[in-house]
Structures are given as structure tokens and as C-alpha cells.
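Residue strings, one per chain:
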Amino acid sequence: MRYISTRGQAPALGFDEVLLAGLARDGGLYLPESWPTLTPDRLRSLAGLSYPQLAAAVMRPFVTGSAIEDRFDRLVAEAYAGFEHSAVTPLRQLDANDWLLELFHGPTLAFKDVAMQFLGRIFDAVLEARDERVTILGATSGDTGAAAVEAFAGRSRIDLFMLHPEGRVSEVQRRQMTTVQADNVHNLAVRGTFDDCQDLVKACFNDHGFRDGLHLSAVNSINWARVMAQIVYYVASAVALGAPERRVAFAVPTGNFGNVFAGHAARCMGLPMERLVVASNSNDILARFFERGEMAIESVVPTLSPSMDIQVSSNFERLLFELLDGQGAAVAETLTSFRREGRFALPDAVMEQVRAGFDGYRLDDEGTVAEIARCYQTCGAVLDPHSAVGLAAARARRDDPAVPMITLATAHPAKFPDAVERAIGQRPALPPRLADLHERPECLTVVPADETQLKAFIGARARVQTEAA
Ligand SMILES: Cc1ncc(COP(=O)(O)O)c(C=O)c1O
Ligand SMILES: N[C@@H](CCOP(=O)(O)O)C(=O)O
């Protein structure tokens, strides 16, 4: 399988190169040249498979030509062996045709583990096959960082530098990153927002000298492999509820648009799907976009669902590439002017196409607390605030009650105990293996949102450079 950049100026690459590159050299994001097809017969053949078997079957066409193709099934099986639920991503029924897809049974209690546990293993295997080393640079609003630290700590060919916005992640999220003691893990608390962190990451990648010197790589959803691994649970849940004979709909708590883009990718591959509902908190740039056809940046406001406190959704670029008929130059121009002007609009005809596939919804903190309480009272399920935003969106935007509506539960409630306690008067407990999280010593460095200082910090510590010098 070959991959092309959304900005049209970088060379097409194979899977291993895309995995290690993260961001394309023209600043774009990689997409497969064509979508592998999930025909109705193929979908039927997935029924009854275990999650790792289904994951390997869905992802295999994306890795053809990879150095790890022959070990792929084993790596996938290992990735999911440590999940605390044997179904890996179980479906929980909330009402006649309402389902919660629980994506938080991995080691750090968020959906990021589903892809990141897999990424840790394939990075290692590809680097070993090529006898190479990388420096991973990432930005997190809480969960990607925790999942990456867990997946990459102690891996000898990898140094991980993870940027989070200081004071804007939950205490559990921060501690999950900062209490892991490993020489190859560096946590940086940036004085700024998640968008500042993400901009710093992209700036480092776009400095080709810095990027090449350190063999920079990415584990945010700008990396195609993250999205690829997230496609699997859309397919698994739809097949469990009757695909291809029955269509399903999804509601997705959204920030960087990576998770919902994975759902869209599953649809492009042939999964029969009603609309994807994009659920936002008060940082509602996407909800406003679906309403008005204009993407307009406003300042980030802190909310009870901090992982979605994002204005610039990096993966929207992949959808834009499709909407602009694969014209990389038009994508680059639109996004450059977006960053300059803080807005861009799409023509009505394009918005019609967008609205046929997506719908948006926004929920503020008050509504989030009310939704956690409502769900607890009506079904006994304790939701985290991100999943609550998703569930409210599912109810509000449901078209046809006969179509199963699946809400993605993206985090365990114990990651956000303050919000949950406010809603239901109880603090959800962390699993026993994390019970002493609040007593463990933390290790992090506070830095300004400054590209030069960040590069100096990384340059002084990354082992790739030390060895090359
Ligand atoms: C718990 C949780 N829910 C939802 C999201 C939003 O997902 P995405 O950024 O893929 O849109 C995130 C962050 O990614 C998250 O950590
Ligand atoms: N909400 C995310 C933000 C980064 O998203 P990613 O999917 O692009 O890694 C987080 O939890 O860090």
C-alpha cells in the first residue's frame, strides 16, 4: 500500500516510511492512495472473530509491503493481550437501540490505548528491522500523552518528548504521564494551550534540518497508523450489531478529529453507516462549521472535558483533502489562509456533501454534568465527561430510531473524578493497579511556548543526535 500527502508535494511512501515520518515533508498528512474494500462478504466473514483477529484482518491491506508483514498478526495479538476486558472494546446496551462502545479498558483508561498499544509494538519492530532509532515528539491534551508514555517507556530505540498544556489536563491524566520513571520519556508542561503544543510540534517537523537530525517521528493522530488502528473498533462494533445487513450510526466526542476520521475511513472502506455525529464541548469550532459552513477559530476555553479543548483539529485536513477532490495545492492554500486569517469557508455544494455524512453538536459543562447524572439515573452507567458529550449528541441528533446508535465512550470516569462527583455525588475509583497514583513522584519540566527553547531542550537530550555527533 502507498500513501500520499494531503498537500500533494511530498513523495508517496510505503507503510513503514509513513509510520516513521508521522507528518509528510510538505506539512501534509498521509492518506492511503486508495481505500481497501470491506465488501459485504468480507464484513460477514468478520462476525465471530476475536478483536485481535478482526483487527489484523481489517488492517492487513494497509501494511502490505511492510517489513513487519510476516509478524503482523502476532504484533496485533500482543497489543491487545493486556486489555482488561476480553472483548477489548465491548458494547454496553443503554436502551433499546442505544449502545456505548467502551474504549477505555486499556492500561491508561482511554481510547488512545487501542491504537497506542499497537503503535508501541510496530514502531519497535519496524525500527529493529531497519536498525534505526527515532525521537518521537507529541502534543497532548491529556490522554494521548498518557497512552504514549505507557506504550513507549523503556523502548531502547525511541526517545519520547510529550508536550501538554500546563494546568489544562486533569490531575489523573498528568500523573499518568509524569509518574512513569523511564530515561527515554520527557514530559514538558507548556505555558499555553493544547493548540500551542500542537503548533510547536508541527513547527519542529517543518524545520527539516531539526527533523532529519533527530529522526523526528509522531504518535499523534497526524500519524496515519493511529487512525488505521482506530478504524477497527468501528468495524468491530458495527459487525457485532449486524453489519453489513444493518446500518449503524456513531456519535463521537471530538477534538482533533482523529477518532471521527477513523469512522469516516471505515465508511469509505464500505462499512454501511448512517451519519457520524461530531460531538464538541464549548470549544465548538466543528459544531459551528457543520451549521454555518465556516471554520472560525475562537479562543480555547477550559472545560470539564479537557481532552477536547481544541480549536484547530489537525485531522480535519484529511477530510478537506477529500472535499477538495484530492487537490493538495488547494488544501495547502485553504489551511495557510486559515492560520493567517483565523477562518475559511466552504461552498454550499461542498457543505451539502459534508452534511450528508456528518452532523455536529455542542454541549457546555452544565449540560455535561446533567448528562452524566441522567445516564447514571436511567441506566446505572457512570460516564466520563467526554463520553457524556458524545451521548447527549447521540440523543439530540438521532434520525431513525430503528438504526442502532453507538456512542464512543472515550475515557474511564475515574480519569475525571471531580466532574463525575459533581454530577452523581460519587468519586469513581481508579483500578487497584493505579490506586497509589497520587503518591507517586512526578517528573516534568515547565517550558514556555517557544520553538527555539523547545528545540534546544530536545536537542540536548535526544539520543539520536548524541549518537550521531
Ligand atoms: C477522552 C477523549 N475523548 C475525546 C477525544 C477527542 O478525540 P479526537 O482528538 O480524536 O477527536 C480525546 C482526545 O483525543 C480524548 O482524550
Ligand atoms: N485529545 C488528545 C489530543 C491529541 O489528539 P491526537 O488523537 O491527535 O493524539 C489528547 O488526549 O491528547
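Residues numbered from 1 in each chain as written. Chains lettered and ligands numbered in written order. Predicted model: local features only at pLDDT ≥ 70, side-chain atom pairs only at ≥ 80, totals over all residues. Heavy atoms only, no water.

1. Considering the overall build of the chain
Regarding its fold elements, the chain presents 20 helices and 16 strands. When its C-alpha atoms are laid out on the principal axes, the chain stretches across 65 × 50 × 50 Å. Buried positions account for 62% of the 469 residues belonging to the chain. Excluding contacts between residues fewer than 6 apart, the proportion of contacts in the chain whose partners are at least 24 apart in sequence is 76%. Carbon and sulfur atoms make up 47% of the accessible area of the chain, which totals about 16,700 Å². Here the chain carries 46 positive and 59 negative side-chain charges, and the mean point of each set is 1 Å from the other. (Helix = DSSP H or I, 4+ residues; strand = E, 2+ residues; numbered from the N terminus. Buried < 20%, exposed > 50% of the residue type's maximum accessible area, 1.4 Å probe, protein only. Contact = heavy atoms within 4.5 Å. Areas by Shrake-Rupley, 256 points an atom, 1.4 Å probe, with all protein chains shown as cover. Lys, Arg positive; Asp, Glu negative; His and termini not counted. Charge placed at Lys NZ, Arg CZ, Asp CG, Glu CD.)

2. Here's the deal with the packing of aromatic side chains
Following the criterion strictly, the structure yields 18 aromatic pairs and no others. Ring centres of Phe290 and Phe358 lie 6.0 Å apart, and the angle between their planes is 20°; this geometry places the pair in the stacked category. Of this pair, Phe290 sits in helix α12 (residues 285-292) while Phe358 sits in strand β14 (residues 358-362), placing them 68 residues apart in sequence. The class for Phe290 is buried, based on a relative accessible area of 4%. Under the relative-accessibility criterion, Phe358 is labelled buried at 4%. The rings of Phe257, Phe289, Phe290, Phe316, Phe338, Phe344 and Phe358 are connected pair by pair, giving a single aromatic cluster. Directly above the aromatic system of Phe358 lies the positively charged group of Arg267, at a separation of 5.0 Å from the ring centroid. Directly above the aromatic system of Phe210 lies the positively charged group of Lys455, at a separation of 5.7 Å from the ring centroid. (Phe/Tyr/Trp six-rings, centres within 6.5 Å; stacked < 30°, edge-to-face > 60°. Lys NZ or Arg CZ within 6 Å of the ring centre and 35° of its normal.)

3. Digging into the UniProt feature "domain: Threonine synthase N-terminal" (unreviewed entry) in the chain
Per the UniProt record, "domain: Threonine synthase N-terminal" (unreviewed entry) is annotated on residues 2-80. Taken end to end, residues 2-80 comprises 41% helix and 11% strand; its first and last C-alpha atoms sit 26 Å apart. (UniProt positions renumbered as here; feature names shortened; annotations may be inferred.)

4. Points about the site of ligand 2
Around ligand 2 lies a shell of 13 residues, among which Thr140, Thr144, Asn220, Ser221 and Arg226 are the nearest. The backbone of Asp143 places a nitrogen or oxygen atom 2.8 Å from an oxygen atom of ligand 2. Between Asn256 and ligand 2, the recorded distance is 2.8 Å, taken from a side-chain N or O atom to an oxygen atom. The protein chains hide 96% of the 340 Å² of surface that ligand 2 would expose on its own. Using a 2 Å cut-off from the grid points, one finds that ligand 2 occupies the largest cavity. Taken together, the residues that form the shell around ligand 2 break down as 2 nonpolar, 8 polar and 3 charged. (Near = heavy atom within 4 Å. Polar contact = N/O pair within 3.5 Å; in protein donor to acceptor, adjacent residues only side chain to side chain. 1 Å grid on protein atoms, 1.4 Å probe; cavity = no way out; pocket = protein on both sides within 12 Å on 5 of 7 lines; lining within 4 Å. Sits in = over half its atoms within 2 Å of the grid points. Nonpolar A, V, L, I, M, F, W, Y, C, P; charged D, E, K, R; others polar.)

5. Some details on the site of ligand 1
Contacts to ligand 1 come from 15 residues, most closely from Lys112, Asp143, Gly255, Asn256 and Thr410. Contacts to ligand 1 include Asn256, whose backbone N or O atom sits 2.7 Å from an oxygen atom. Protein coverage of the free-state accessible area of ligand 1, which is 380 Å², stands at 97%. Taken atom by atom, the bulk of ligand 1 overlaps the largest cavity. Its residues placed into classes, the shell around ligand 1 shows 5 nonpolar, 8 polar and 2 charged.

6. Considering helix α5 (residues 112-130)
With 19 residues, α5 ought to run about 27 Å at 1.5 Å a step, and its terminal C-alpha atoms sit 26 Å apart, in line with that. Most of α5 is tucked away: 14 of the 19 residues are buried. Positive backbone phi, at 50°, marks Asp131, one or two positions downstream of α5. (Expected span 1.5 Å × (residues − 1).)

7. A word on the UniProt feature "domain: Tryptophan synthase beta chain-like PALP" (unreviewed entry) in the chain
Feature annotation in UniProt assigns "domain: Tryptophan synthase beta chain-like PALP" (unreviewed entry) to the following positions: residues 88-329. Between the first and last C-alpha atoms of residues 88-329 the distance is 40 Å; the span itself is 43% helix and 21% strand.

8. Some thoughts on the sheet that holds strand β1 (residues 2-5)
With antiparallel pairing, 3 strands are arranged side by side in an open sheet as β2-β1-β3. Looking at which strands have only one partner, the edges of the open sheet turn out to be β2 (13-14) and β3 (30-32). In the sheet, β1 pairs with β2 via 2 bridges, with the strands oriented antiparallel. What sits directly across from Tyr3, in β2, is Leu13. (Pairing = 2+ DSSP bridges.)

9. Here's the deal with the pattern of salt bridges
A full pass over the atoms with the stated rule returns 36 salt bridges. Two residues, Asp98 and Arg398, come together in a salt bridge whose shortest N-O distance is 2.4 Å. Note that Asp98 is positioned in strand β5 (residues 98-102) and Arg398 in the loop between α17 (385-396) and β15 (405-409), a separation of 300 residues in sequence. Residue Arg398 is classed as partly exposed on the basis of its relative accessible area of 21%. Measuring nitrogen to oxygen at the nearest pair gives 2.8 Å for the salt bridge that ties Asp159 to Arg463. Of the two residues, Asp159 is situated in strand β7 (residues 158-165) and Arg463 in helix α20 (residues 463-468); the sequence distance between them amounts to 304 residues. (Salt bridge = Lys/Arg side-chain N within 4 Å of Asp/Glu carboxyl O.)

10. Topic: the sheet that holds β7
The 5 strands lie next to each other as β9-β6-β7-β8-β16, forming an open sheet whose pairing is parallel. Edge positions in the sheet fall to β9 (216-217) and β16 (445-448), since each has one partner strand and no second. Relative to strand β8 (residues 185-191), β7 runs parallel, the two sharing 6 bridges. Bridge pairing in β8 places Pro165 opposite Val190. Its contacts with the sheet place helix α6 (residues 143-152) against β6 (134-139), β7 and β8, and it is angled at close to 165° to β7. (Axes fitted to C-alpha atoms, helices over the stretch in contact; angles between N-to-C directions.)

11. Quick word on empty space enclosed by the protein
Inspection of the entire model under this criterion finds 5 cavities of 30 Å³ or more. Space inside the largest cavity adds up to approximately 290 Å³. If you trace the largest cavity, you find 27 residues lining it, with Phe111, Lys112, Gly255, Asn256 and Ser307 closest to the centre. Contributions of two or more residues to the lining of the largest cavity are made by α6, α10 (224-240) and α11 (258-269). The greatest single-element share of the lining of the largest cavity, amounting to 3 residues, is contributed by α11. Taken together, the residues of the lining of the largest cavity sort by class into 9 nonpolar, 15 polar and 3 charged. Taken as a whole, the second largest cavity encloses approximately 90 Å³ of empty space. Lining the second largest cavity, in full, are Ala249, Glu274, Arg275, Val277, Arg397, Arg398, Asp399, Asp400, Val403 and Met405. Residues of the lining of the second largest cavity, tallied by class, amount to 4 nonpolar, no polar and 6 charged. (Points joined across faces, edges and corners; volume = space filled by probe spheres on them.)

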